[in-house]
Each structure stands twice: as structure tokens, then as C-alpha cells.
Amino acid sequence: MAKAKIGIVTVSDRASAGVYEDISGKAIIETLNAYLTSEWESVYEVIPDEREVIEATLKRMADEDGCCLVVTTGGTGPAKRDVTPEATEAVCDRMMPGFGELMRAESLKFVPTAILSRQTAGLRDDTLIVNLPGKPKSIRECLDAVFPAIPYCIDLMEGPFLECDETVIKPFRPKAK
């Protein structure tokens, strides 16, 4: 069975310029390593908050790199340079609003400012793209909430079968009748 390819994109002007280390993208990789028991490989990028760069990166990861899943971090707030959701919507064929709804609901349990977050998710051909917030603690909280649905979503798109450590995260797959 081929390794699943998963894109991890940190959208940050300062991290992409080397002003500080990208801890958010690394937090996604650590979380996925904890969740997944099946083999996978990351396609990892740190890019600036530039809509054209974000769109090009998402397209390349989906169309050329063959990622079944692309997870972004950063650029989902109300600041003028926060354009990750717009870039995601521009490259997706269909949007999956339930992801953003669930992530905001989960984050509201921890901070009242979760209503300022604009995370979303969408489908580009055979790739699920999910936008996460930028803080490592929030990344884990949001992934814990939405990841149980991700393996089945990828199954429905005829992507690789993602096996998980069910002591860490339990994916939901409907039982066959």
C-alpha cells in the first residue's frame, strides 16, 4: 500500500522570513504522528500571507504532489493579511463548512475569541484541505475535534486508507450492513 501524502502549510510572514521558528507546522506533524499508524509522508511548506502564494501552494500539493489531505495553519483571523480561507475557497471545487463550524464550537470551550476565527475546509478533486488556527494548543484542540471524520472523508474520495491509533484518536467509519 502506498504511503499517504499529507501537506502541511504554515502561513506566516514572520516564520517564512525566518524571524521565528515555525512551531505550528511542527505541531501538526507531531499530532498526525500521534494519530496515524499507517505510513504517511509530509509535504511541508512555510509560506508568507500572500493569497497568490497560498493558492499556488495548495494547488501544487493537491494536483502535483498528490496529497490526499492538506492542513494549513495561520491566516484565519480578522487581520487584513489573514487570507487563507479566501485562498482555500478559490482553489476548492466544493466547500465543507461543517469543519469550520465544529472547530469554532470546540475552540469556544476555551476562548471567547474563537468567534473571530474563519477556519474552513474544502475539496479540490481528491484532496481535502483543512484550515486550522495558528496556535499549537488550538491546532490540537481543533484537530482532536475534526480528525475523527477525516479518514472516512478520504475513504469516500477513494484516497488512501488512514489507520489510526485508537487509543489517541478514534476515526468514525460507518459499519457495513
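Everything in this summary refers to the structure shown in the same document.

Reading the values: rules and limits
The numbering scheme is per chain: residues are counted from 1 as the chain's sequence reads. In keeping with the predicted nature of the model, local features appear solely for residues at pLDDT of at least 70, side-chain atom pairs appear and are counted solely at 80 or more, and the whole-chain, interface and lining totals rest on all residues. Only heavy atoms go into the side-chain values, all of them from the structure, while hydrogens and water stay out. Pairing between strands is defined by DSSP: at least two bridges between the two strands are required. For the purposes of this entry, the term helix denotes a DSSP run of H or I that reaches at least four residues, the term strand denotes a run of E that reaches at least two, and both are numbered from the N terminus. In this text, buried Ala, Val, Leu, Ile, Met, Phe, Trp, Tyr and Cys residues form a nonpolar core when linked through side-chain atoms within 4.5 Å. A simple rule labels every residue: compare its accessible area, found with a 1.4 Å probe on the protein chains alone, to the largest value its type can have, and call it buried under 20%, exposed over 50%, or partly exposed in between. We call two residues contacting when some pair of their heavy atoms lies within 4.5 Å. Only Phe, Tyr and Trp rings are paired, with Trp represented by its six-membered ring, and only when their centres lie within 6.5 Å; those with planes under 30 degrees apart are stacked, over 60 edge-to-face, the remainder tilted. Think of it as a cone above the ring: NZ of Lys or CZ of Arg counts as a charge over the ring if it is within 6 Å of the ring centre and within 35 degrees of the ring normal. Residues adjacent in sequence count toward polar contacts only when both atoms are side-chain atoms; beyond that, a polar contact is any pair of N or O atoms within 3.5 Å, and within protein one must be able to donate a hydrogen and the other to accept it.

## Brief notes about the sheet that holds strand E2 (residues 40–47)
Inference 1: Reading across the sheet, the six strands line up as E2-E1-E3-E6-E5-E4 and stay open at both edges, with mixed pairing between neighbours. The sheet terminates laterally at E2 and strand E4 (94–95), the two strands that pair on one side only.
Inference 2: Sheet topology note: the strand E1 (residues 4–11)/strand E3 (residues 69–73) ladder contains five bridges and is parallel. From the neighbouring strand, Gly 7 faces E3, where its bridge partner is Val 70.

## Brief notes about the nonpolar core
The tendency in soluble globular proteins is for nonpolar side chains to be buried side by side.
Inference 1: Membership of the largest hydrophobic core comes to 31 residues, with the highest contact counts inside it found for Leu 69, Leu 128 and Phe 147.
Inference 2: Ile 47, Cys 67, Val 70 and Cys 92 belong to the second largest nonpolar core, which has 14 residues in total.

## What to know about the side chain of Thr 10
Inference 1: Along the polypeptide, Thr 10 turns up in strand E1.
Inference 2: Not counting chain neighbours up to four residues away, the residues in contact with Thr 10 comprise Asp 22, Ser 24, Gly 25, Tyr 44, Glu 45, Val 46, Ile 47 and Thr 73.

## Observations concerning the packing of aromatic side chains
Inference 1: Evaluated as defined, the whole model comprises one aromatic pair.
Inference 2: A centroid spacing of 4.7 Å and a plane angle of 45° characterise the contact between Tyr 35 and Phe 147, whose relative ring orientation is tilted. Residue Tyr 35 is found in helix H2 (residues 23–35), and its partner Phe 147 is found in the loop between helix H6 (136–146) and helix H7 (150–156); the two are separated by 112 residues along the sequence. An identical accessibility class is assigned to Tyr 35 and Phe 147; each is buried.
Inference 3: Positioned above the aromatic ring of Phe 161, the side-chain terminus of Arg 173 is 3.8 Å from the ring centre.

## Some points on the environment of Asp 22
Inference 1: Topologically, Asp 22 is positioned in the loop between helix H1 (13–16) and H2.
Inference 2: With a relative accessible area of 8%, Asp 22 lands in the buried category.
Inference 3: A C-alpha to C-alpha distance of 20 Å links Asp 22 and Leu 69, two positions 47 residues apart in sequence.
Inference 4: In this view, Asp 22 contacts Thr 10, Ala 15, Tyr 44 and Val 46; residues no more than four positions away in its chain are not counted.
Inference 5: Only 2.8 Å separates the side chain of Asp 22 from the side chain of Thr 10, close enough to count as a polar contact.

In short, shape yes, function no, at least from these values alone.
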